[in-house]
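# Architecture and fold: a report
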Amino acid sequence: GESVGLHLPTLSVQEGDNSIINCAYSNSASDYFIWYKQESGKGPQFIIDIRSNMDKRQGQRVTVLLNKTVKHLSLQIAATQPGDSAVYFCAENSLGDAGKSTFGDGTTLTVKP
Amino acid sequence: NAGVTQTPKFRILKIGQSMTLQCTQDMNHNYMYWYRQDPGMGLKLIYYSVGAGITDKGEVPNGYNVSRSTTEDFPLRLELAAPSQTSVYFCASSEGPPNSYNEQFFGPGTRLTVL
């Protein structure tokens, strides 16, 4: 079946370093991808998104890269800060499934001061 | 705007009991969703609605029911609680479908334990 998965369940980085969180998906029809951040005890919060007709999109300190050939996307966080510590989820949608998002299991990012 | 609000924050149920999780949004969003999140896992879609009077099943609808009589409210009903329904439940809303740059806004969640 379709799945969205993250490569590593945990990631620990030093404050100030760059972080890279990866995600693989299996649905070839996926055409819209979102990264969410979830802090402890809170609901997910939108970070950045990308359509399948793009391979890169940048936000403030964050960049999402999409490689449709190998069905892989990544979230890069520049100059990681302690406030970036959270669980990060990727999610995918397809035009044929309006209303339905498929979430990966999440990567826990810990930033060491 | 308060955004998406959920009540209660916590609840413990006995097996076989029923309850309704409340969700309200004040952003006049057409789309609303219910997800469950099991420990260490991502979110799984239970039900969603594209507008008042319209609901549809998600990935894990069994054991749940929903209704959407108004734009603002999207309650989730558990009729016969089972231990497998122990989870954190999140409600979300978006202006349009989530497949086209329509950000989903999430509520703070309801932590449900069924014993």
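The following paragraphs examine the structure supplied in this document. (Residues numbered from 1 in each chain as written. Chains lettered and ligands numbered in written order. Predicted model: local features only at pLDDT ≥ 70, side-chain atom pairs only at ≥ 80, totals over all residues. Heavy atoms only, no water.)

### A short note on the state of the cysteines
- One pass over the full model with this rule turns up two disulfides over all chains.
- What pairs with Cys23(A) in a disulfide is Cys90(A), and their sulfur atoms sit 1.8 Å apart. Measuring the twist about the S-S bond at about 50°, one finds the Cys23(A)-Cys90(A) disulfide to be right-handed. On the criterion of sequence distance, the pair formed by Cys23(A) in strand β3 (residues 19–25) and Cys90(A) in strand β9 (residues 86–93) is long-range, its members being 67 residues apart. Per residue, the accessibility class of Cys23(A) equals that of Cys90(A), and both read buried.
- In this model, Cys23(B) is linked to Cys91(B) through a disulfide, with the two sulfur atoms separated by 1.8 Å. Taking the sign of the torsion about the S-S bond as the criterion, the disulfide between Cys23(B) and Cys91(B), at about -70°, is left-handed. Here Cys91(B) lies in strand β9 (residues 87–94) and Cys23(B) lies in strand β3 (residues 19–25), a separation of 68 residues in the sequence. One exposure class covers both Cys23(B) and Cys91(B), and it is buried. (Disulfide = S-S within 2.5 Å. Helix = DSSP H or I, 4+ residues; strand = E, 2+ residues; numbered from the N terminus. Buried < 20%, exposed > 50% of the residue type's maximum accessible area, 1.4 Å probe, protein only.)

### Topic: the pairing of β9(A)
Residue and element names in this part refer to chain A.
- Where burial is concerned, most of β9 is hidden: seven out of the eight residues are buried.
- Looking at chain direction, strand β4 (residues 32–38) and β9 are connected through seven bridges and run antiparallel. Bridge pairing in β9 links Lys37 to Tyr88.
- Across three bridges, the pairing between β9 and strand β11 (residues 107–112) is antiparallel. Directly across from Ala86, in β11, lies its bridge partner Leu109.
- Sheet topology note: the β9/strand β10 (residues 102–103) ladder contains two bridges and is antiparallel. Bridge assignment links Ala91 to a residue of β10, and that residue is Phe103. (Pairing = 2+ DSSP bridges.)

Fair warning: the whole summary comes from geometry, so function is off the table for now.
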